[in-house]
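# Residue-level structure breakdown
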Amino acid sequence: MNNQQMASDQLKKDLKDILNIQGNISKERPVKGLVKKEHFCHFLENYKFANDRALVLKQEFQVDLVSFEEPFVQAIESLVKLHFNKQQTQLIEWWLYDKWLPDGSVLQLNNTETGDDLPSDTADELWEILQSLR
């Protein structure tokens, strides 16, 4: 074992002791694209959940939170527009607001060249489509 490897091993041991880390420590960083995808999926799933919950409250209990939530919705939509181009933003908005219909049916995206449906039921699938629109 060379000196550099010994120093690296000692640093890992010291970090584990100081920070009380139970797992392994690695020099490797997560792939940037994967981290972005995970954050996007987490955001989209939670935002859809919150939007669906507001609709249920309005439809089933006549509790309308639109005026309360509107500034938050506008802020979130502005952040989406800052990060994504126009086509991507339109697709995200379609996925959030129009894909799932009140009667329970689900709209699908169709590839106009092949006629095939594009998988778009999950945030993960939507992310893959968005990457093709860069």
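In case you missed it, the structure is sitting above this.
Predicted model, so just to flag it, every value in this text is computed and none were measured.

Moving on, we get to the nonpolar core. Phe 40, Leu 44, Phe 84, Leu 91, Ile 92, Leu 126 and Leu 130 are the most contacted members of the largest nonpolar core, which totals 17 residues. Residue assignment for this core shows that the elements contributing at least two residues are helix H2 (32-61), helix H4 (86-97) and helix H5 (123-131). Once residues within four sequence positions are removed from consideration, Phe 40 is found in contact with Phe 84, Ile 92, Ala 123, Leu 126, Trp 127 and Leu 130.

Those residues of H5 that sit buried are Ala 123, Leu 126, Trp 127, Ile 129 and Leu 130. Projected down its long axis, H5 carries its buried residues within an arc of 165 degrees, all on one side.

What follows is about unusual backbone geometry. Peptide bonds are, in most cases, trans, and in most cases residues other than glycine have a negative phi. In this structure, Gln 62 is a non-glycine residue whose phi angle is positive, near 55 degrees. What makes Gln 62 exposed here is its relative accessible area of 62%.

Contact geometry for helix H3 (residues 66-83) and H4: axes closest at 10 Å, N-to-C directions at 140 degrees. What the angle tells us is that H3 and H4 run oblique. Like other packed secondary-structure pairs, H3 and H4 cross with a definite hand, here right-handed. Contacts from Val 73, Glu 77, Val 80 and Lys 81 in H3 reach Thr 89, Ile 92, Glu 93 and Tyr 97 in H4. Residues of the contact of H3 with H4, tallied by class, amount to 4 nonpolar, 1 polar and 3 charged.

Note on placement: Asp 117 falls in strand E2 (residues 117-118). Taking C-alpha positions, Asp 117 is 10.0 Å from Leu 107, a pair spaced 10 residues apart along the chain. Sequence-distant contacts of Asp 117, that is, excluding residues within four places in its chain, are made with Gln 108, Leu 109 and Asn 110. A distance of 3.3 Å separates the side chain of Asp 117 from the side chain of Asn 110, its partner in a polar contact.

Reading the values: the criteria
- Residues numbered from 1 in each chain as written.
- Predicted model: local features only at pLDDT ≥ 70, side-chain atom pairs only at ≥ 80, totals over all residues.
- Heavy atoms only, no water.
- Core = buried A, V, L, I, M, F, W, Y, C linked by side-chain atoms within 4.5 Å.
- Buried < 20%, exposed > 50% of the residue type's maximum accessible area, 1.4 Å probe, protein only.
- Helix = DSSP H or I, 4+ residues; strand = E, 2+ residues; numbered from the N terminus.
- Contact = heavy atoms within 4.5 Å.
- Arc of directions from axis to C-beta.
- Axes fitted to C-alpha atoms, helices over the stretch in contact; angles between N-to-C directions.
- Parallel < 35°, antiparallel > 145°, perpendicular 65-115°, else oblique.
- Left-handed = near helix turned anticlockwise from the far one by under 90°.
- Nonpolar A, V, L, I, M, F, W, Y, C, P; charged D, E, K, R; others polar.
- Polar contact = N/O pair within 3.5 Å; in protein donor to acceptor, adjacent residues only side chain to side chain.

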